[in-house]
Amino acid sequence: MSNVILEMRNITKTFPGVKALDNVNFSVKQGEIHALVGENGAGKSTLMKVLSGVYPYGTYDGEIYFQGQECRFRDIVESEKVGLVIIHQELALIPFLSIAENLFLGNERAENGIIHWNEAISQTRDLLKRVGLDESPQTLITDIGVGKQQLVEIAKALAKEVKLLILDEPTASLNESDSQNLLNLLLQFKEHGISSILISHKLSEVSKVADSITILRDGATIETIDCHVDQISEDRIIRGMVGRDLTHRFPPRNAEVGDVIFEVRDWNVYHPLHEDRKVSNNVNISVRKGEVVGISGLMGAGRTELAMSIFGHAYGTRISGKALKHGKEIDVSTIDKAIANGIAYATEDRKSYGLVLIETIKDNITIANLDDVSSGGVINEPREIQATVGYREALNIKCSSILQETVNLSGGNQQKVVLSKWLFAHPEILILDEPTRGIDVGAKYEIYTIINRLAEEGKGIILISSELPEILGVCDRIYVMRDGKIVGEMASSEASQEAIMKCIMTQ
Amino acid sequence: MKTLTALFKSNIREYGMLIALVAIMIFFQFATQGILMRPINITNLVLQNSYIIVMALGMLLIIVSGWIDLSVGSVAAFVGAIAAVLMVKLGFHWSLTMLLCLVAGALVGAWQGYWVAYVKIPAFIVTLAGMLIFRGLTLLILQGEAVGPFPVEFQRLSTGFIPDIFNFEGFHITTMLIAVIMVVGLFVMDYRARQNQLRYGFEVTPMYFFIAKNALISGAILGLCYLMASYKGLPNVLIVMAALIALFSFVTSQTVIGRRIYAMGGNEKAARLSGVNTPRLLFLTFVNMGVLAALAGMIVAARLNTATPKAGVGFELDVIAACFIGGASASGGIGTIIGAVVGAFVIGVMNNGMSIMGIGIDWQQAIKGFVLLMAVFFDVYNKNKG
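Because the structure is predicted, anything quoted here is derived from the model rather than measured.

So, on to the overall build of chain A. Per the secondary structure count, chain A includes 17 helices and 24 strands. Here the C-alpha radius of gyration of chain A, 24 Å, is about what a compact globule of 507 residues would show, namely 23 Å. Taking the principal axes of the C-alpha coordinates as reference, chain A spans close to 70 × 50 × 50 Å. Looking at chain A as a whole, 54% of its 507 residues qualify as buried. Counting every atom, chain A has about 21600 Å² of accessible surface; 46% of that belongs to carbon and sulfur.

The next point concerns the interface of chain B and chain A. On the side of chain A, 33 residues touch chain B, which itself brings 23 residues to the contact. When chain B packs against chain A, the two sides together hide about 2400 Å² of surface, and 63% of this comes from carbon and sulfur. Counting across the chain B and chain A interface gives 2 salt bridges. Among the salt bridges present, the one from Arg259 of chain B reaches Asp363 of chain A, with a minimum N-O distance of 3.3 Å. Summed over the shared surface of chain B and chain A, the number is 9 residue pairs in polar contact (both at pLDDT 80 or more). Mapped by element, the contributors of at least two residues to the side of chain B that touches chain A are α9 (236-254), α10 (256-266) and α11 (268-273) of chain B.

Attention now goes to the pairing of strand β10 (residues 195-199) of chain A. Every regular strand shows the same layout, with side chains that alternate between the two sheet faces. Residues and elements named next belong to chain A. Counting buried residues along β10, 5 of its 5 residues qualify, which places the element largely inside the surrounding structure. A two-sided burial pattern is seen for β10, the buried positions comprising Ser195, Ile197 and Ile199 on one face and Ser196 and Leu198 on the other. Bridge analysis of strand β3 (residues 33-37) against β10 gives 4 bridges, and the strand direction is parallel. Its bridge partner being in β10, His34 is matched across the sheet by Ile197. Two strands pair when backbone bridges link them, and strand β9 (residues 164-168) and β10 are joined in this way by 5 bridges, in the parallel orientation. Considered in β10, the bridge of Asp168 is made with Ile199.

Our next topic: empty space enclosed by the protein. Residues and elements named next belong to chain B. If you walk through the whole model with that rule in mind, you get 5 cavities of 30 Å³ or more. Roughly 80 Å³ of internal volume is contained in the largest cavity. Taken together, 14 residues form the lining of the largest cavity, with Ala76, Ala77, Gly297, Val300 and Ala311 sitting closest to its centre. Class assignment for the residues of the lining of the largest cavity results in 9 nonpolar, 5 polar and no charged.

What follows is about the pattern of salt bridges. Taken as a whole and judged by the stated rule, the model has 24 salt bridges over all chains. Here Asp211 of chain A ties to Lys190 of chain A by a salt bridge, and the two come within 3.0 Å at their closest N and O atoms. Highlighted residues: Asp211 of chain A in the loop between α7 (203-209) and β11 (212-217) and Lys190 of chain A in helix α6 (residues 176-191), separated in sequence by 21 residues. On the accessibility criterion, Asp211 of chain A (6% relative accessible area) is buried. In this structure Lys190 of chain A comes out as partly exposed when scored by relative accessible area, which is 22%. Note that Arg259 of chain B and Glu384 of chain A form a salt bridge whose closest N and O atoms lie 2.6 Å from each other. Of the two residues, Arg259 of chain B is situated in helix α10 and Glu384 of chain A in helix α13 (residues 381-394); the pairing between them involves two chains. Counted as one network, the salt bridges with shared partners bring together Lys362, Asp363, Glu381 and Glu384 of chain A together with Arg259 of chain B.

With that settled, the discussion passes to the domain arrangement of chain A. Residues and elements named next belong to chain A. Its domain assignment divides chain A into domain 1 (4-242), domain 2 (256-342 + 427-507) and domain 3 (356-426). Its C-alpha centre places domain 1 at a distance of 34 Å from the equivalent point of domain 2. Tallying the contact residues gives 12 residues for domain 1 and 12 residues for domain 2. Here domain 1 and domain 2 share an interface that buries about 1100 Å² over both sides, 62% of which is from carbon and sulfur atoms. The interface formed by domain 1 and domain 2 contains 0 salt bridges. Between domain 1 and domain 2 we count 0 residue pairs in polar contact (both at pLDDT 80 or more) in total. Sorting elements by how many residues they give to the side of domain 1 that touches domain 2 places helix α8 (residues 234-242) first, with 3 residues. Considering only residue class, the side of domain 1 that touches domain 2 consists of 5 nonpolar, 4 polar and 3 charged.

A large share of helix α9 (residues 303-310) of chain A lies buried, amounting to 7 of its 8 residues. All of the buried residues in α9 of chain A are Arg303, Thr304, Leu306, Ala307, Met308, Ser309 and Ile310 of chain A.

On to the side chain of Ser79 of chain A, then. Along the chain, the position of Ser79 of chain A falls in helix α2 (residues 76-81). Discounting chain neighbours no more than four positions away, the residues touching Ser79 of chain A are Leu51, Ser52, Phe73 and Leu84 of chain A.

Quick look at the sheet that holds strand β17 (residues 328-329) of chain A now. All names here are of chain A. One open sheet accounts for 4 strands, arranged β14-β13-β16-β17; its pairing is antiparallel. Because the sheet does not close on itself, it has two edges, and the strands there are β14 (278-288) and β17. Together, β13 (260-270), β14 and β16 (317-325) form the strand contacts of α9, whose direction differs from that of β13 by roughly 110 degrees.

All names here are of chain B. Between helix α3 (residues 72-89) and helix α4 (residues 94-118), the least distance of the axes is 9 Å, while the angle of their chain directions is 145 degrees. Viewed along their axes, α3 and α4 form a crossing whose handedness is right-handed. Contacts between α3 and α4 pair Val75, Phe78, Val79, Ile82, Ala83, Leu86 and Met87 from the former with Trp94, Thr97, Leu100, Cys101, Ala104, Gly105, Val108 and Gln112 from the latter. Grouping the constituent residues of the contact of α3 with α4 by class yields 12 nonpolar, 3 polar and no charged.

For the rest of this paragraph, the subject is the sheet that holds strand β15 (residues 292-297) of chain A. All names here are of chain A. The strand order β18-β21-β22-β15-β23-β24 describes an open sheet built from 6 strands, whose pairing is mixed. Edge strands, defined here as strands with exactly one partner in the open sheet, are β18 (343-346) and β24 (485-491). Neighbour-to-neighbour, the strand axes of this sheet turn through a mean angle of 20 degrees, independent of strand direction. Sitting on the sheet, α9 touches β15, β18, β21 (429-433), β22 (460-464) and β23 (477-482), and the angle it makes with β15 is about 135 degrees. Contacts from helix α14 (residues 411-424) reach β18 and β21, with the element oriented near 175 degrees to β18.

What counts and what doesn't
- Residues numbered from 1 in each chain as written.
- Chains lettered and ligands numbered in written order.
- Predicted model: local features only at pLDDT ≥ 70, side-chain atom pairs only at ≥ 80, totals over all residues.
- Heavy atoms only, no water.
- Helix = DSSP H or I, 4+ residues; strand = E, 2+ residues; numbered from the N terminus.
- Rg over C-alpha atoms; globule rule 2.2 N^0.38 Å.
- Buried < 20%, exposed > 50% of the residue type's maximum accessible area, 1.4 Å probe, protein only.
- Areas by Shrake-Rupley, 256 points an atom, 1.4 Å probe, with all protein chains shown as cover.
- Contact = heavy atoms within 4.5 Å.
- Buried area = accessible area lost by both parts, 1.4 Å probe.
- Salt bridge = Lys/Arg side-chain N within 4 Å of Asp/Glu carboxyl O.
- Polar contact = N/O pair within 3.5 Å; in protein donor to acceptor, adjacent residues only side chain to side chain.
- Pairing = 2+ DSSP bridges.
- 1 Å grid on protein atoms, 1.4 Å probe; cavity = no way out; pocket = protein on both sides within 12 Å on 5 of 7 lines; lining within 4 Å.
- Points joined across faces, edges and corners; volume = space filled by probe spheres on them.
- Nonpolar A, V, L, I, M, F, W, Y, C, P; charged D, E, K, R; others polar.
- Domains from an automatic or database assignment.
- Axes fitted to C-alpha atoms, helices over the stretch in contact; angles between N-to-C directions.
- Left-handed = near helix turned anticlockwise from the far one by under 90°.

Listed below in structure tokens is the structure:
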């Protein structure tokens, strides 16, 4: 069993000015699930890019042995040929092609350039069965959810006769049950002798499935834990990742909860394309001054849709219902009206909906409230700079200057820019949609601290999150949503992960 | 302190095309045995390119928004035809005609903007249709023939020069005076911006680089104005053009609407979720393009002193090329007014220089195409490296 399938020795990779990897040693045994954990920027992705040939041989120092052979991959095609397949966080599927077409893209079942569709489709059926996906091979990718797309990616890897599967944050955008599914699949593969490397921020799933855990910090290996020998605890992993004790994963809260500040009554929203489908069904929610209210639920429960429909009708059609602030009805029919009425919505997808990546931190922060830094339509740049610099300090945005483009920031810092943007719009009600998705433990803690501070300032905060510990650790009160309906409401003091899951699952 | 080479590298992207323009001018100065820089030719160069630059200002905003407008040549011809019919056939006063023409341009822009911004048909298709529609309407209005000549006042838009208040024989002193005022103004503005940056602790270019840069730009402006002063002075159209360049530079860099256009082009969804009314903004960008195309159409008509059905054919290509040579990004969000103006001059100088050298239209086109490709390649290359 202790056959080593992959060994990476003394890997060093430097970028201009930065040593991304410093003498990293990393080995994976035959048929194990090996978790690779570390903060954002610790070097996990770089290490995997070295392994898969994205950074070709010669651009790094060190040696790679796969199944006893030294490998010098020049590109990703060569690494896939020996059975090393990497599935990236951002899925690489073509939306308007079918599952079968995607499965064999670049690996077509063809002779002289002519595709054997019958063979391809029958093989697709087998592969889909292996990953437990019940869809027709002809279904278009765009018509299936993210969870199923992830399975298609894995089936695609199987089609390439994968021996070592590398998954980069595979469950980042999956809900609990889809995540479960995927992890079970990895365990199944393990039975069949396929090894996997699992990069994940979710320590609960790491400790559930991993046989070994390697912790990276600042481009160096901190330790490798054998889960069958050592006692592992999340605290130990976190300590290794951040290099310090995180006694509390959630900062203490002492905001005073006041009167109801914002309320939504009888809120109904229909799907923009399928106009007879209700995505929000008679929703009634409220948030008090200084309160953090969580909305829990599975992916597709309609949480984001609800939030966006409240935020200036940014989603859906035939929207009906009332929005009230301090008991008085307000107009939220367009986004600028919603902002003017003190509502802010920080999106779950900061790269496509939250930031203008090619623009600077400064320009991103002020875009939602340029009126504050301009007079007569002319921007007062000194005033703008002053305001932005303040947020850089208050939220501890790590950057070379506020004139840095946001595209180069890490996920946590990008999220802080998004938050700054909405703080600068001076809202009374903040809707935060998955604010800690894909960011590391240290940055998460900072985001929670910011949320608490906002609550203390008397703002009402609605937090949408798929991570139950987060909902429980940060919120005062929790709504549970399913199929566009609010199906439960509980004070977090009485709530538990089991209670929430039960609420979600019972029909 | 930074070394000279490092400084050069960090500024090459910003000033790369300007340096290329100077190189191209020096090349043609030799290749044409000095004809390029003769006062009369410099004046001609400005007159020939004024309408390209005017349209490039609007096009840049459209390209920064993430779209394109293929119809500007046809729209310019269409408006020129309207001007001709109003003045020559119906006897309208020239000032009323000009006003109506600008309104017509705005309506054309509104028409196209409506389809792009509100009905969400890609601008490539809408303006390709517009290119055909307005060319057809031009033919219809002119009934297939050239209409002219125009009243003298209207012609002055293109062929007139500013009056010399000093009336000095053989040299246009007012021109030089304006040039000096402009140089001083630019220097003061640049110096203030630098002081401001220093005050906020931003990294600035060293003083000697700053002085050298300003000396070069001042020298170029004074030199060109000197050449024009020794011919007939500054053309009217140059004044119009300079005012528009200044206005659009200001709008793109200092105003709320400018900032929003860049945000919309950089990420339309994020801009919309930040409260920017993106459809309306895009609509207005097209209206603006229509007005500028109308102005360009009048300049062309005034210059030729007739409105012809063939006017403005192929203009859109020069205008779009100018923006891309000037560093605008086809995917939106990136581009500067000054870049587009420099790009327009690169094209203009090449057109002019190659014509003087007697290079046929066949080779001219091929060379221009190649330069466009190389300019964009240079940009992409620098981006990947940086």
